[in-house]
Amino acid sequence: MKSALTIFLGAALLAGCSSAVKLDDVPVVDRAGTALQQGGGIGAGSGSGVGNGGVAPIDIGRSNDPSAPPAGPRIVYFDHDSFVIKPEFQGLVETHARHIKALPKRNVSIEGHTDDTGGREYNLALGQKRAESVRNALSLLGVSDGQMEAVSYGKEKLAAVGNDEVSRAKNRRAELNYR
């Protein structure tokens, strides 16, 4: 059962990464609906020398320190009573996998959490399954098992306190913490 789930998650990740769209061949269309020539548009040929269109690309997600963890979220949220990674978090997992693989000395702790419903033992087991689910996805993306540790806190470390669904949804998570 576990190997079937691992194969399914791997296939889903690979399917999400593929695309038949050729981004270089897509024409740029101005607001009037007229197709512009490749490299045309505002600032083209103005002598600015800053790439296509005269605009320099900015990557705000990058730090000057290559060993710094990726900017942005480090939390994968789960549905109630589930440890299946939702499609909207596949990109997050892939981003962290690339970072961890690029730095062989980097270690990550994956902490599984649950909401406050259910018993202590059940929640510890579910939190462990959530952490292991993220760990398996990272492993399928090439991260070494020696760089990862999966830990469960169950319902012991709530991110949001409350008896409403919004609070409980914030607690059903796995957090990536770099060491």
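Residues numbered from 1 in each chain as written. Predicted model: local features only at pLDDT ≥ 70, side-chain atom pairs only at ≥ 80, totals over all residues. Heavy atoms only, no water.

1. Details of helix α3 (residues 120-140)
Taking 1.5 Å per residue, 21 residues should reach 30 Å; α3 reaches 30 Å between its end C-alpha atoms and fits that length. Looking at α3, one finds that the buried residues are N123, L126, G127, R130, A131, S133, V134, R135, A137 and L138. In the segment just after α3, G142 is the residue with positive phi, at about 100°. (Helix = DSSP H or I, 4+ residues; strand = E, 2+ residues; numbered from the N terminus. Expected span 1.5 Å × (residues − 1). Buried < 20%, exposed > 50% of the residue type's maximum accessible area, 1.4 Å probe, protein only.)

2. Details of the sheet that holds strand β6 (residues 173-178)
Spatial strand order, β3-β6-β4-β5: 4 strands in an open sheet with mixed pairing. Each edge of the open sheet carries a strand with a single partner, namely β3 (75-77) and β5 (148-154). On average, each strand axis in the sheet is inclined to that of its neighbour by 20°, with strand direction left out of account. Taken together, the 3 bridges between β3 and β6 define a ladder with antiparallel strand orientation. Bridging from a neighbouring strand, I75 pairs with E175 of β6. Set on the sheet, helix α2 (residues 90-102) makes contact with β3, β4 (108-113) and β6; between it and β6 the angle comes to about 20°. (Pairing = 2+ DSSP bridges. Axes fitted to C-alpha atoms, helices over the stretch in contact; angles between N-to-C directions. Contact = heavy atoms within 4.5 Å.)

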